[in-house]
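# Close look at the chain arrangement
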Amino acid sequence: MSGTPKADSRPLSPHLQIWRYHATMAASITHRFTGMALYGGTLLIAVWLFALASGPDTYAVVEAAAFSIPGQILLFLWAVAVLYHFANGIRHLVWDGPGAGFDPKVASQISIFNYLFAIVGAGALMFAAMMS
């Protein structure tokens with residue numbers, strides 16, 4: 001061995017510079033983020049249940065936080081995460097079961113539908129909650 005070894009200029013694995021952005025890539029990334037966000041939402045539900053069991057004074061504090069503007073935004077985002085993760089989970093079940101929807105155009109359309117379903121569904125839930 002003589003001389004200095006040269007570094008290989010090729011990437012070790014496919015990188016974002018090689019892959020072209022598409023809806024199913026965004027859907028996969030969003031599915032992972034919403035899965036992580038659901039852990040935080042579960043913690044908030046546990047805090048709400050603890051406050052409910054602790055008495056009216058403790059519950060009043062949690063209720064005031066939940067009905068504030070930041071609390072409402074957090075509830076909306078949590079509802080979006082739940083609905084998106086649910087819809088995308090069904091997509092994965094269809095992929096794993098009958099194996100339908102693998103065509104790139106269909107997969108992209110389903111990914112876009114999942115985004116719309118989550119946002120419109122969360123908006124409808126928030127609207128229904130405000131009307132009751």
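## Considerations on the overall build of the protein chain
Across its full length, the protein chain carries four helices and zero strands. The N-to-C order of helical and strand elements in the protein chain reads α-α-α-α. Burial status across the protein chain gives 23% buried among its 132 residues. In the protein chain, the share of contacts with a sequence separation of at least 24, taken over all contacts with a separation of at least 6, comes to 71%. Of the roughly 10000 Å² that the protein chain leaves accessible, carbon and sulfur atoms contribute 74%.

## So, the nonpolar core
The biggest cluster of nonpolar side chains holds seven residues, and these are Ala27, Ala79, Val80, Leu83, Tyr84, Ala118 and Ala122. At the level of secondary structure, the elements contributing two or more residues to this core comprise helix H3 (69–96) and helix H4 (104–131). In terms of residues, this core owes the most to one element, H3, which gives four residues.

## Comments concerning the packing of helix H1 (residues 23–54) against H3
Describing two packed helices takes the angle between their axes plus the distance from one axis to the other. Between H1 and H3, whose axes approach to 8 Å, the crossing angle comes to 130 degrees. As far as their axial angle goes, H3 and H1 are oblique. Viewed along their axes, H1 and H3 form a crossing whose handedness is left-handed. Only Leu74, Trp78, Ala81, Val82, Tyr84, His85, Asn88, Gly89 and Arg91 of H3 make contact with H1, whose side of the interface consists of Thr24, Ala27, Thr30, His31, Thr34, Gly35, Ala37, Leu38, Gly41, Thr42, Leu44 and Ile45.

## Quick notes on a nonpolar patch on the surface
On the surface, a cluster of nonpolar side chains totalling about 570 Å² of accessible area is made up of Ile45, Trp48, Leu49, Leu52, Leu75, Trp78 and Val82. Of all the elements in the fold, those that place two or more residues in the nonpolar patch are H1 and H3. Sort the elements by how many residues they give to the nonpolar patch and H1 lands first, with four residues. Here Leu49 lies in helix H1.

## Quick look at the packing of aromatic side chains
The final tally for this structure, using the stated rule, is four aromatic pairs. Aromatic side chains Trp95 and Phe102 sit 5.3 Å apart centroid to centroid with 25 degrees between the ring planes, which places their arrangement in the stacked category. With a relative accessible area of 52%, Phe102 lands in the exposed category.

## Some points on the side chain of Ser111
By the secondary structure assignment, Ser111 is in helix H4. For Ser111, a relative accessible area of 0% translates into the label buried. Those residues in contact with Ser111, other than ones at most four positions away along the chain, are Ala23, Thr24, Ala27 and Arg91.

Here is what the cut-offs are and how they apply
- Residues numbered from 1 in each chain as written.
- Predicted model: local features only at pLDDT ≥ 70, side-chain atom pairs only at ≥ 80, totals over all residues.
- Heavy atoms only, no water.
- Helix = DSSP H or I, 4+ residues; strand = E, 2+ residues; numbered from the N terminus.
- Buried < 20%, exposed > 50% of the residue type's maximum accessible area, 1.4 Å probe, protein only.
- Contact = heavy atoms within 4.5 Å.
- Areas by Shrake-Rupley, 256 points an atom, 1.4 Å probe, with all protein chains shown as cover.
- Core = buried A, V, L, I, M, F, W, Y, C linked by side-chain atoms within 4.5 Å.
- Axes fitted to C-alpha atoms, helices over the stretch in contact; angles between N-to-C directions.
- Parallel < 35°, antiparallel > 145°, perpendicular 65-115°, else oblique.
- Left-handed = near helix turned anticlockwise from the far one by under 90°.
- Patch = residues over 30% accessible without salt bridge, like charges linked within 9 Å, V, L, I, M, F, W, Y side chains within 5 Å.
- Salt bridge = Lys/Arg side-chain N within 4 Å of Asp/Glu carboxyl O.
- Phe/Tyr/Trp six-rings, centres within 6.5 Å; stacked < 30°, edge-to-face > 60°.

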